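# Close look at the chain arrangement
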Amino acid sequence: MKALKRIGSILKTVCLYALLAVYLSPFAFVAVNAFKSRREILSNPFGLPQVWSLSNFINAFNRMGFVSAFVNSLIITVFSVIVIAVFSAMTAYLFVRTNWLFNKVMFFAMVAAMLIPFQAIMIPLVQIYGGLNLLNSRWILVYMYLGFGTSFAVFLYHGFIKSIPLELEEAALIDGCSRLQVFFKIVFPLLKSTTITLIILNVLWIWNDFLLPSLVLISPANRTLPLTTFYFHGTYTSDYGLLMAALALTILPVIIFYAFLQKHIIKGVMEGAIKA
Amino acid sequence: MFPAFFVCTKSEVQRVLALEKRFIDKLKTYLIFAGPTTLAFLTVIILPFLFGIYLTFTNWDGIAKAYDFVGFSNYVTVFRDDAFWRSFLLTVKYVAYTVVIVNTLGFILAYILTGDQVPGQNLLRTGFFVPNLIGGIILGLVWRFIFSNILVFIGRQLNISFLSYSWLTNPDKVLWTLVIVSVWQYSGYMMIIFIAGLVNIPKDLIEAARIDGANGFQRLRMLILPLMVPSFIVTVFLTIQRGFMVYDVNLALTQGGPFKTSELISMHVYEKAFLAQQYGVGQSQAFFLFLLVAAISVTQVYFSKKLEVEA
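Parameters at a glance
- Residues numbered from 1 in each chain as written.
- Chains lettered and ligands numbered in written order.
- Predicted model: local features only at pLDDT ≥ 70, side-chain atom pairs only at ≥ 80, totals over all residues.
- Helix = DSSP H or I, 4+ residues; strand = E, 2+ residues; numbered from the N terminus.
- Rg over C-alpha atoms; globule rule 2.2 N^0.38 Å.
- Buried ≥ 20, exposed ≤ 12 C-beta atoms within 10 Å, placed from the backbone.
- Contact = placed C-beta atoms within 7 Å.
- Nonpolar A, V, L, I, M, F, W, Y, C, P; charged D, E, K, R; others polar.
- Axes fitted to C-alpha atoms, helices over the stretch in contact; angles between N-to-C directions.
- Parallel < 35°, antiparallel > 145°, perpendicular 65-115°, else oblique.
- Left-handed = near helix turned anticlockwise from the far one by under 90°.
- Domains from an automatic or database assignment.
- pLDDT = per-residue confidence, 0-100.
- Core = buried A, V, L, I, M, F, W, Y, C linked by C-beta atoms within 7 Å.

### A look at the overall build of chain A
- For chain A, the count of helices and strands is 13 helices and 0 strands.
- Shown N-terminal to C-terminal, the secondary structure of chain A runs as helices and strands in the order α-α-α-α-α-α-α-α-α-α-α-α-α.
- Here chain A has a C-alpha radius of gyration of 24 Å; the compact-globule value for 276 residues is 19 Å, and the former is much larger.
- The C-alpha extent of chain A, read off along each of the three principal axes, is 75 × 70 × 35 Å.
- Burial statistics for chain A: of 276 residues in total, 42% are counted as buried.
- Contacts in chain A between residues at least 24 apart in sequence constitute 77% of all its contacts with a sequence separation of at least 6.

### Quick look at the overall build of chain B
- Secondary structure assignment for chain B yields 13 helices and 0 strands.
- Seen in sequence order, chain B has helices and strands lined up from the N terminus as α-α-α-α-α-α-α-α-α-α-α-α-α.
- Whereas a compact globule of 311 residues would reach a radius of gyration of roughly 19 Å, chain B reaches 26 Å, over 25% beyond that.
- Reported as C-alpha extents along the three principal axes, the dimensions of chain B are approximately 90 × 75 × 35 Å.
- Across the 311 residues in chain B, those meeting the buried criterion constitute 38%.
- Partitioning the contacts of chain B with sequence separation of at least 6, the portion at a separation of at least 24 is 70%.

### Digging into the interface of chain B and chain A
- The interface of chain B with chain A comprises 75 residues on the first partner and 71 residues on the second.
- If you tally residues by element for the side of chain B that touches chain A, the top one is helix 2 (residues 23-55) of chain B, at 20 residues.
- Looking at side-chain class alone, the side of chain B that touches chain A contains 56 nonpolar, 15 polar and 4 charged residues.

### A few points about unusual backbone geometry
Residues and elements named next belong to chain A.
- Not every positive phi belongs to a glycine, and N133 is a case in point at roughly 60°.
- Within the secondary structure, N133 is located in the loop between helix 6 (119-131) and helix 7 (138-161).
- The class of N133 is exposed, set by 8 C-beta atoms lying within 10 Å.

### Re the packing of helix 7 of chain A against helix 2 of chain B
- Running from amino to carboxyl end, helix 7 of chain A crosses helix 2 of chain B at an angle of 110°, the nearest separation of the two axes being 8 Å. With respect to each other, helix 7 of chain A and helix 2 of chain B are oriented roughly perpendicular. For the pair helix 7 of chain A and helix 2 of chain B, the crossing hand works out as left-handed. Between helix 7 of chain A, through A:Y143, A:M144, A:L146, A:G147, A:F148, A:T150, A:S151 and A:V154, and helix 2 of chain B, the contact on the second element is made entirely by B:P36, B:T37, B:A40, B:F41, B:T43, B:V44 and B:I45.
- Of the residues belonging to the contact of helix 7 of chain A with helix 2 of chain B, the class tally is 10 nonpolar, 5 polar and no charged.

### Considerations on the domain arrangement of chain A
All names here are of chain A.
- Entries for chain A in the domain assignment read domain 1 (1-63 + 237-251) and domain 2 (65-235).
- The distance between the C-alpha centroids of domain 1 and domain 2 comes to 36 Å.
- Taken residue by residue, the interface counts 7 residues in domain 1 and 6 residues in domain 2.
- Class assignment for the residues of the side of domain 1 that touches domain 2 results in 5 nonpolar, 2 polar and no charged.

### Describing the confidence of the model for chain B
Residue and element names in this part refer to chain B.
- Counting all residues, the mean pLDDT for chain B is 83, and 91% of those residues have values of 70 or more.
- Contacts for the low-pLDDT stretch residues 1-10, under 50 throughout, to residues beyond four places or in other chains number 4 contacts.
- Among the prediction metrics, the complex's ipTM stands at 0.88, with pTM recorded as 0.87.

### Side note on the nonpolar core
- Residues A:Y93, A:M244, A:A245, A:A246, A:L247 and B:L289 are the most contacted members of the largest nonpolar core, which totals 146 residues.
- The leading source of residues in this core is helix 7 (residues 174-198) of chain B, at 14 residues.
- Mapping this core onto the domain boundaries places at least three of its residues in each of domain 1 (1-63 + 237-251) and domain 2 (65-235) of chain A.
- Other than its neighbours up to four places away in sequence, A:Y93 contacts A:I161, A:F183, A:V187 and B:F33.

Following this line, the structure appears as structure tokens:
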């Protein structure tokens, strides 16, 4: 009986690792084929490259304008994430600590608006901002991310701030701190774990987003990494080696980011889902 | 303002916190704390949402200065549009398959990975999650290569007939490529949510069931699954929402082809508005979609709440 159980558990482990291998195999195929020429790929996509040449990577890196796309993605993601976190935490703080009718209405509107999918907004959004000639700017995109991201962020912070005891703030207020000082010196540091959760969820969303930036960023110089990779794919449809190198270059930074922060990321996703 | 001997009672503090008495002070505080978010929220979500509803009653092409009110005729057009309904039914089918498979697989993985110690548990959890880190566009492009090169190569080498031609060009199979990629993409994510739920089930409860003679399957069916309803509410909600809204993977993997047999609803709306320049009709479709998804989500959460039990 014990032996049977042991065999069962070994079998289970083997199955799990086999499934994991299947799960990760697409990335392995991209990585290996990125080193090969088109002819090599067509004759056998499984084989290892005859020579491990970096030329596909170098060509892809230059032709897709990797640096500019990466910097665009970085600027947009970093600024959006910071702006969403700071302003939403402030808003949630105000909403929790005051009971003005208008705040209640706004909070309700924000929570309800979380049900509106992006597709229901995109057409008028493009019409309005296009009509005002405000499209094609990275900063407008950051502003839009604030609009799209703030509801969830306020909701997330709101739940946590409610549990912070008032006494801490009272003391500071009596010592003559202004409301703003109280917030930044006392409340915001207490929100650290919520802020980390929120930042992780938002980085994953904004870094990978496609539809919104594809509508807002028109000129190629402003394009983010997903946009650039997609258009690059459209230009070199059948040059497989080059395409695989481009995909590998796009995927690599995310994997590195994940390798360093995987504990936080998994925890962030768990907490985001529980609170939501 | 506050003399040194100021004795602080609870109500006084409330008063301090609500320092702002006059409207102008309240307004100032509001603008400092909630001004940026309110402005962005109103101009990016609410204004376009309302303008969008207005658009559905016009025949604007997006360019002309003048346009007419057309009443409900856009909605009538939508309801009579075969292409819209075809795309809609396709999406429903896609969502149904994805929701069932993603949640089943995600739960099984989570259940195994929280049970008896498996070597390298963390590595497995981390690994299954990887596809979620990467955007739908990139995933779609990766799988385009897998479907059109790798699988076809396997099929031809091993003489497996159903693999020897790319599924991406086969109208009967192309929907399954989208389902496969979505399952691959989301099951790891749902697994994480299920793990969070499973580790919160009190151990002594399961132990008690074991002592009472419930076998593994009975414990799962009678105890664990009912206690996991809150997690399922979240995961089903997320899979439905994402399923109806999927666009990136659709665009990168199949581009709606062949012959629009894989054009899901988001892509259909996009094409109607931005390529066919029928903004009114496109927005009516989008708005219809919003109402439907909101209704489904609310109903789903409402009915599954009824299944919830207290631990």
